[in-house]
Amino acid sequence: MGEPMDINGPNTNRATETELTETENELYDRQIRLWGLDSQKRLRTAKVLISGLSGVGAEIAKNIILAGVSAVKLNDHRIVTEEDFCAQFLTPRSAVGKNRAEASVERARALNPMVKISVDKEPLVGKKAEFFAEFDVVVIIGALDSELLRINEICREKGIKFFSGDVWGTFGYCFADLQDHSYFEDVVKHKVVSEPNEKTKTEVVTTTIQKELKFPSYASISQFDVNSPTFQKKLKRTGPAFILLRILQMFRNKHNRDPGYLSRQEDIKELMRLSQELISAPFVPSDMLEYVFSQISPSAAIVGGVLAQEIIKVVTKKEAPHRNVFLFDPETCCGFVETVGVH
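Residues numbered from 1 in each chain as written. Predicted model: local features only at pLDDT ≥ 70, side-chain atom pairs only at ≥ 80, totals over all residues. Heavy atoms only, no water.

### Considering the packing of aromatic side chains
Right, so step 1: For the coordinates displayed, the defined rule picks out 9 aromatic pairs.
Right, so step 2: Ring geometry for Trp168 versus Phe171: centroids 6.2 Å apart, planes at 25°, classification stacked.
Right, so step 3: Ring centres of Phe175 and Tyr218 lie 5.5 Å apart, and the angle between their planes is 80°; on these two criteria the pair is classed as edge-to-face. Residue Phe175 is found in strand E7 (residues 171-177), and its partner Tyr218 is found in the loop between strand E9 (202-214) and helix H8 (219-222); the two are separated by 43 residues along the sequence.
Right, so step 4: Accessibility expressed as a relative area gives 1% for Phe175, which makes it buried.
Right, so step 5: Clustering of aromatic rings is evident, with ring pairs tying together Phe131, Phe132 and Phe135.
Right, so step 6: Directly above the ring of Phe131 sits Lys127, whose terminal nitrogen or CZ lies 4.5 Å from the centroid. (Phe/Tyr/Trp six-rings, centres within 6.5 Å; stacked < 30°, edge-to-face > 60°. Helix = DSSP H or I, 4+ residues; strand = E, 2+ residues; numbered from the N terminus. Buried < 20%, exposed > 50% of the residue type's maximum accessible area, 1.4 Å probe, protein only. Lys NZ or Arg CZ within 6 Å of the ring centre and 35° of its normal.)

As structure tokens, then:
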């Protein structure tokens, strides 16, 4: 982390911001009171890609659209299935068999008419660097490791903030690669204002400082050595949530799908086999694998809410972002931040 430094004004590296209209000031009044006018202006210029309109993708889209970004592109080549209705609230039930992004756009636009919302129905595999270059933030849900690595590398080359995330049943995660990220933080101190020989009096003084964080790439988690002695010791404290993430991603990479409730028993056996392949000492309880089917709405809301909040923090440059993996443990129903691949 870089040394904090005092600032007396707005960030000189900030992108040009447009003034809010009277309508926007009224619409975002509560948010402006929460995080300030400058932060809302930064949001007003942000363009976000959300790829993968599953339940967690819908939650992210909802929160980002309500926050008041400039534009959101919804990308998904998949069709709506009955399973989507466990957590995906942007698609009506009449949309079964239709493209998932296209089926989500009407309800998404109704959330906030001030945000430009567009649809892309093509697979990510065919998207070149030029496609991603138009966005400030890229969010990828439900992709294979190969695609996450490829897109993350493009984002690093273009200086685009990259997020990935997902939910399997009640388990979920989100990951952030912000490269070199600067943000502002308010530091509160008590200053003595009383005269000598008087009863001590203090007043609160708030100073805004700028800090910097460096983030590793997605390869830091996809290629992380879970058998290292240091990580093995940490497992006793944090539990097997990160191991479960890698097993589920391995399953997706191998079968090009997620564990399905129609093939539940066979898929649990495959997950156990992948667990033994990944880690030398068994650390994922077999009953934990019972929680990873479909997407359960409360978990999608939690993970989607956390990821959306991180996007807002990054765009507004307010407060320290999570570095770099958030995990929601289905056994404890608690979330925690794991720092992976950071030296």
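### As for the side chain of Asn75
Right, so step 1: With respect to the helices and strands, Asn75 occurs in strand E3 (residues 71-75).
Right, so step 2: Polar side-chain contacts of Asn75 include one of 2.9 Å to the backbone oxygen of Glu122. (Polar contact = N/O pair within 3.5 Å; in protein donor to acceptor, adjacent residues only side chain to side chain.)

### A short note on the pairing of strand E4 (residues 116-120)
Right, so step 1: Note that E3 and E4 share 5 bridges and pair parallel. Considered in E4, the bridge of Ala71 is made with Lys116.
Right, so step 2: This β-α-β element, E3 to helix H5 (residues 100-111) to E4, shows right-handed connectivity. (Pairing = 2+ DSSP bridges. Right-handed = clockwise from strand over helix to strand, strands pointing away.)

### Let's talk about the domain arrangement of the chain
Right, so step 1: Entries for the chain in the domain assignment read domain 1 (22-179 + 296-338), domain 2 (181-214) and domain 3 (218-290).
Right, so step 2: Distance from the C-alpha centre of domain 1 to the C-alpha centre of domain 3: 25 Å.
Right, so step 3: Contacts between the two partners involve 23 residues from domain 1, matched on the other side by 23 residues from domain 3.
Right, so step 4: When domain 1 packs against domain 3, the two sides together hide about 2,000 Å² of surface, and 64% of this comes from carbon and sulfur.
Right, so step 5: The largest contributions to the domain 1 side of the interface with domain 3 come from Asp145, Trp168 and Glu338, which together make up 30% of the buried area.
Right, so step 6: In this assembly, domain 1 and domain 3 are joined by 3 salt bridges.
Right, so step 7: For Lys234, the salt bridge is made with Glu338, and the minimal N-O distance between the two is 3.2 Å.
Right, so step 8: At the junction of domain 1 and domain 3, the tally comes to 9 residue pairs in polar contact (both at pLDDT 80 or more).
Right, so step 9: Broken down by secondary-structure element, the contributors of at least two residues to the side of domain 1 that touches domain 3 are helix H7 (145-158), strand E6 (161-168), E7, strand E10 (325-329) and strand E11 (334-338). (Domains from an automatic or database assignment. Contact = heavy atoms within 4.5 Å. Buried area = accessible area lost by both parts, 1.4 Å probe. Salt bridge = Lys/Arg side-chain N within 4 Å of Asp/Glu carboxyl O.)

### Considering the environment of Leu49
Right, so step 1: Relative to the helices and strands, Leu49 resides in strand E2 (residues 47-51).
Right, so step 2: Along the primary structure Leu49 and Ala71 are separated by 22 residues, whereas in three dimensions their C-alpha atoms are 8.5 Å apart.

### Observations regarding the packing of helix H4 (residues 55-67) against helix H12 (residues 297-316)
Right, so step 1: Interhelical geometry of H4 versus H12 gives an angle of 40° and a closest axis separation of 8 Å. Of the possible angle classes, the one that applies to H4 and H12 is oblique. Here the hand of the crossing between H4 and H12 comes out right-handed. Each of Gly55, Val56, Glu59, Ile60, Asn63, Ile64 and Ala67 in H4 lies in contact with H12, whose residues at this interface are Ala300, Ala301, Val303, Gly304, Gly305, Leu307, Ala308, Ile311 and Ile312.
Right, so step 2: Grouping the constituent residues of the contact of H4 with H12 by class yields 11 nonpolar, 4 polar and 1 charged. (Axes fitted to C-alpha atoms, helices over the stretch in contact; angles between N-to-C directions. Parallel < 35°, antiparallel > 145°, perpendicular 65-115°, else oblique. Left-handed = near helix turned anticlockwise from the far one by under 90°. Nonpolar A, V, L, I, M, F, W, Y, C, P; charged D, E, K, R; others polar.)

### Side note on the confidence of the model for the chain
Detailed reading of the predicted model is not advised wherever pLDDT is low.
Right, so step 1: In this model, the chain carries a mean pLDDT of 90, and residues with pLDDT of at least 70 account for 94%.
Right, so step 2: Predicted confidence is poor over residues 1-16, with pLDDT under 50, and the contacts of this stretch with residues over four places away or in other chains come to 26 contacts. (pLDDT = per-residue confidence, 0-100.)

### Description of the layout of surface pockets
Right, so step 1: Counted as a void, the largest pocket has a volume near 950 Å³.
Right, so step 2: Lining the largest pocket are 40 residues, with Arg78, Arg100, Gly142, Arg252 and Asp258 positioned closest to its centre.
Right, so step 3: At the level of elements, strand E5 (137-141), H7 and E6 are the ones that each hand at least two residues to the lining of the largest pocket.
Right, so step 4: No other element matches the 3 residues that E6 contributes to the lining of the largest pocket. (1 Å grid on protein atoms, 1.4 Å probe; cavity = no way out; pocket = protein on both sides within 12 Å on 5 of 7 lines; lining within 4 Å. Points joined across faces, edges and corners; volume = space filled by probe spheres on them.)

### Some points on the sheet that holds E4
Picture the strands of a sheet paired through backbone hydrogen bonds; they go either parallel or antiparallel.
Right, so step 1: If you walk across this open sheet you meet the 8 strands as E4-E3-E2-E5-E6-E7-E10-E11, and the pairing is mixed. With one partner strand each, in any of the chains shown, E4 and E11 form the two edges of the open sheet. Neighbouring strand axes in the sheet, compared pairwise and without regard to direction, differ in orientation by 15° on average.
Right, so step 2: Of the strand pairs in this sheet, E7 and E10 are connected by 4 bridges, and their pairing is antiparallel. Looking across to E10, one finds that Cys174 is bridged to Phe326.

### Some details on the state of the cysteines
Right, so step 1: Enumeration according to the criterion identifies 0 disulfides in this entry.
Right, so step 2: Left without a disulfide partner, Cys155 is nearest to the cysteine sulfur of Cys174, which lies 16 Å away.
Right, so step 3: Unpaired in terms of disulfides, Cys174 finds its nearest cysteine sulfur in Cys334, a separation of 15 Å. (Disulfide = S-S within 2.5 Å.)

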